[in-house]
Amino acid sequence: MSTSSVSKGCFVFKPSAKKKKKSLSVEDYFIRGCEAADNSEIRFQLCQDLWNRIVTETQVLQDELNRKILDSLLSFIRKCSSTRQHGAPNWGSRMRASEIPTAALVLGVNVPDHDMTFQSLSDLLRQSVTPHVASVQAKECGALKHLIQKLLGRLMGTVVSVEDEDEDDEAEQSSTRLHKGAHCSLSTLCDWYSAKTKKSNTGTPGKKCSSPLQEEQPPIIIIFKDLESFIPRVLQDFILICSRYVDHLPLMFIFGIATSPSTIQHMLPHSVSSLLCIELFQSLSCTQHLSTVVDKLILTPDFPFKLSGKVLQVLISIFLFHDFSVRNFIKGLQLALLEHFHSEPLSVLCCTKKTALHNVTQLTRQDVERIRQLPSFRRFVEKQEPQERDNLLTDDTHLKNMCQKLLKDLHKYHKNYYPILKCLHTLTSSLPRYPLGKHIRELHLLCLGKNIWETEDYQSAMKLLRMLAKDELVALLQRCLEILAPVKSERMKKALVQLDELLAKFKQPENTSSENDAAVEEIISPVKNLQKKTDLFQLQKTLLEMKESRRSKKLSQFEILQNQTLEFFDCLVRSFLCPPESQPLNEVCCYSSSAVVRRHLNTSPRTSIQAALSSPYYYLKNDSLKTEDGTVSNSAPDICIIYKLHLECGRMINLYDWLQAYTTVVSAAEGNDPDSDSFGQVDEVKHARFIRAVSELEFLGFIKSTKRKTDHVSRLTWGGC
């Protein structure tokens, strides 16, 4: 567009209407770059449906685990509130009027999981106790004024000024909210609370309160999410100030503690802690939480998606050695689920049995060839007769029919695997030194790796089980009976009947008096011969008779039943606890790329940074940076050149020599004549670029300044990528 005019002026042109760029959906990101895009939409839908089921199950599980401690907290807060309202003697005798009720909630070191617990707690408190609930974190409360500002803003729903009152008008004008700016002090909160309670009391005259939210003075609950991270002085001053307003504000505190309740004593002196009436609440340990999650999400046939032993070991190792976070463990499970459906075209069969049988009929010619290339299917084909082998390799229809049969067998395998695994864990989890692991996840990992019955630990566990007393063995069998009872499988029903018969025999009275007398007589008779005078030959003969008599001793009824029971369970283990890799088509539902999971969840930032600085071509995709033999091009970014030059130095790096080497490399990159006088000369631009690159390298932690030599820096790393 152009405009002609005699005089100078400013002309405004409205921009032409352009279509807004359409943002990509999650499905688009999933399909882009996906293997076998012809069925990618179906796989995305299966992945999304399965993940929604896992999220729902996880939420229900989280609520069940937190229900006990949350109910205890609600009971404590209601009791304290009623004491303040009506002066109830049961709690008032323990709490003085000047004390602030405080709940010390010990949640454990799994800090990433605390947000979910506090969110559930806040929601429950707002629904059933009081609408006045505020949560604060240490990172936003570096000073006392910031702490009070955050609390007043979240309780009053207004903009709170931490400066002088003259700036309230400016804060109000810059805010988009309808509330007016408020001065940062607890007296402001007192005025707001009194006005709030008067308004609620005069709203419906003559009407009695029917719920906790309609009380005359609902409490004000302040949640300190991470008590250990708060500055002790800030917390002490805040508690001292709050104690002055106890008569006007029904304050209550909830301390979120990750380590130990003794943290309160370390952070607060007695003069401050005496102002609090503290009640201790202990949450479920994170390892118990993990065991429950593994049992509900992994050790169940309800979810067709499975993890291989190596992937599960990576997730559990990250949990045990990094953060103890069940939330991050579930995120790792989500990553494995997404990677499986994204990278495995045959994951279209990872669904319920009915849907999988239908999807088999829709497989394309390329999918059929992928099935033939599966390692488990190839092992299965090698075991077949020659004619059957040829049909599976040439006839697609016959292969689809066989796939339907194999998928049914795979679902049956998972349906029978987990009950027997739980029974074996029940029998061995209380044995000395835990030969098969204390937790069921440890036993599951052993079963995923190899045939469990071929290991020495399994043989040791069987020997220890033979040493159990009758009442202990009967109690374990009763628990196994409860595990097998809900399973709807023909083979499990037969096993249940046999186990029930064994239990009935154990409960029958033993008639072993005559057997014991005969056995004792057999042992005593050779001993009597020893009392007579005899020679060496006769003594040897008598000792051999005693040894043979002990070997030929008749077993008691309990020992016979004990041997039958252990043989029964050994047969079940050998039949149903084979590794998943032995099952044909296990790849369609089992994710085994542990390296991908480890790379995404347990990354090494320094290694990645070193790789980027050493090989910038693979990150910038610039052909001019492509080199051989691991060298760096002289046209690479300044920080890459600086990094490469610093690798050639020792522990101490001379900055002047470093600058000269850098200038020489940059001059060659600019195409200057090496024979000219200006080649390698340091100018202001090159000097500034060098200083900037060195500062970036120091920020990344490769070098640091040193006081030993003023013109040197100290190197912090050794070697390249």
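For the structure, check the block above.
Here's what I pulled together on the structure shown here. Quick caveat: nothing in here was measured; it's all calculated off a predicted structure.

1. Examining the pattern of salt bridges
Consideration 1: Considering all chains together, one arrives at twelve salt bridges under this definition.
Consideration 2: When the shortest N-O distance is used, the salt bridge between Asp570 and Arg574 registers 2.8 Å. In this pair, Asp570 and Arg574 are both assigned in helix H25 (residues 557–576), four residues apart and thus about one turn of the helix distant.
Consideration 3: Residue Asp570 is classed as buried on the basis of its relative accessible area of 17%.
Consideration 4: Take Arg574: its relative accessible area is 38%, and that puts it in the partly exposed class.
Consideration 5: In this structure, a network of salt bridges that share partners links the residues Arg365, Glu369, Arg372 and Asp396.

2. A look at the side chain of Gln62
Consideration 1: Its location among the elements puts Gln62 in helix H2 (residues 40–86).
Consideration 2: Given the relative accessible area of 7%, Gln62 is considered buried.
Consideration 3: For Gln62, the contacting residues outside a window of four places in its chain are Met116, Thr117 and His289.

3. Considerations on the layout of surface pockets
Consideration 1: Estimated volume of the largest pocket: approximately 540 Å³.
Consideration 2: For the lining of the largest pocket, the elements supplying multiple residues, two or more each, are strand E8 (306–307), helix H12 (309–323), helix H13 (326–343), helix H16 (375–382), helix H18 (396–428), helix H19 (440–449) and strand E9 (590–591).
Consideration 3: Sorting elements by how many residues they give to the lining of the largest pocket places H18 first, with four residues.
Consideration 4: A class-by-class count of the residues in the lining of the largest pocket yields eleven nonpolar, nine polar and six charged.

4. Quick look at a positive patch on the surface
Consideration 1: A surface patch of like charges, here positive, comprises Lys353, Lys408, Lys412, Lys415, Lys488 and Lys493.
Consideration 2: Per element, the largest residue contribution to the positive patch is three residues, and it comes from H18.
Consideration 3: A relative accessible area of 67% means that Lys488 is categorised as exposed.

5. Concerning empty space enclosed by the protein
Consideration 1: Overall, the coordinates contain four cavities of 30 Å³ or more when judged by the stated rule.
Consideration 2: Considered as a void within the structure, the largest cavity measures approximately 160 Å³ in volume.
Consideration 3: Listed by contribution, the elements that provide at least two residues to the lining of the largest cavity are H2, helix H4 (114–128) and helix H11 (286–297).
Consideration 4: Examining the composition of the lining of the largest cavity, we find that three residues originate from one element, H2, more than from any other.
Consideration 5: Counted by class, the lining of the largest cavity contains four nonpolar, seven polar and one charged residues.

6. Topic: the packing of helix H20 (residues 456–465) against H25
For any two helices packed against each other, the geometry is given by the interaxial angle and the distance between the axes.
Consideration 1: One can describe the packing of H20 onto H25 by two numbers: an axis separation of 11 Å at closest approach and a directional angle of 155°. Taken together, the axis directions place H20 and H25 in an arrangement best described as roughly antiparallel. The handedness of the crossing between H20 and H25 comes out as right-handed. Contact with H20, carried on its side by Tyr458, Met462 and Leu465, involves Gln562, Leu566, Asp570 and Val573 of H25 and no other residues of that element.
Consideration 2: Residues belonging to the contact of H20 with H25 are distributed by class as follows: five nonpolar, one polar and one charged.

7. Observations regarding the sheet that holds strand E10 (residues 652–654)
Consideration 1: With antiparallel pairing, three strands are arranged side by side in an open sheet as E10-E12-E11. The strands lining the two open edges of the sheet, one partner per strand, are E10 and strand E11 (703–705). Taken pair by pair, the neighbouring strands of this sheet meet at an average axis angle of 35°, ignoring direction.
Consideration 2: Here helix H30 (residues 655–669) sits on the sheet in contact with E10, E11 and strand E12 (712–715), set at roughly 60° to E10.

What counts as what
Residues numbered from 1 in each chain as written. Predicted model: local features only at pLDDT ≥ 70, side-chain atom pairs only at ≥ 80, totals over all residues. Heavy atoms only, no water. Salt bridge = Lys/Arg side-chain N within 4 Å of Asp/Glu carboxyl O. Helix = DSSP H or I, 4+ residues; strand = E, 2+ residues; numbered from the N terminus. Buried < 20%, exposed > 50% of the residue type's maximum accessible area, 1.4 Å probe, protein only. Contact = heavy atoms within 4.5 Å. 1 Å grid on protein atoms, 1.4 Å probe; cavity = no way out; pocket = protein on both sides within 12 Å on 5 of 7 lines; lining within 4 Å. Points joined across faces, edges and corners; volume = space filled by probe spheres on them. Nonpolar A, V, L, I, M, F, W, Y, C, P; charged D, E, K, R; others polar. Patch = residues over 30% accessible without salt bridge, like charges linked within 9 Å, V, L, I, M, F, W, Y side chains within 5 Å. Areas by Shrake-Rupley, 256 points an atom, 1.4 Å probe, with all protein chains shown as cover. Lys, Arg positive; Asp, Glu negative; His and termini not counted. Charge placed at Lys NZ, Arg CZ, Asp CG, Glu CD. Axes fitted to C-alpha atoms, helices over the stretch in contact; angles between N-to-C directions. Parallel < 35°, antiparallel > 145°, perpendicular 65-115°, else oblique. Left-handed = near helix turned anticlockwise from the far one by under 90°. Pairing = 2+ DSSP bridges.

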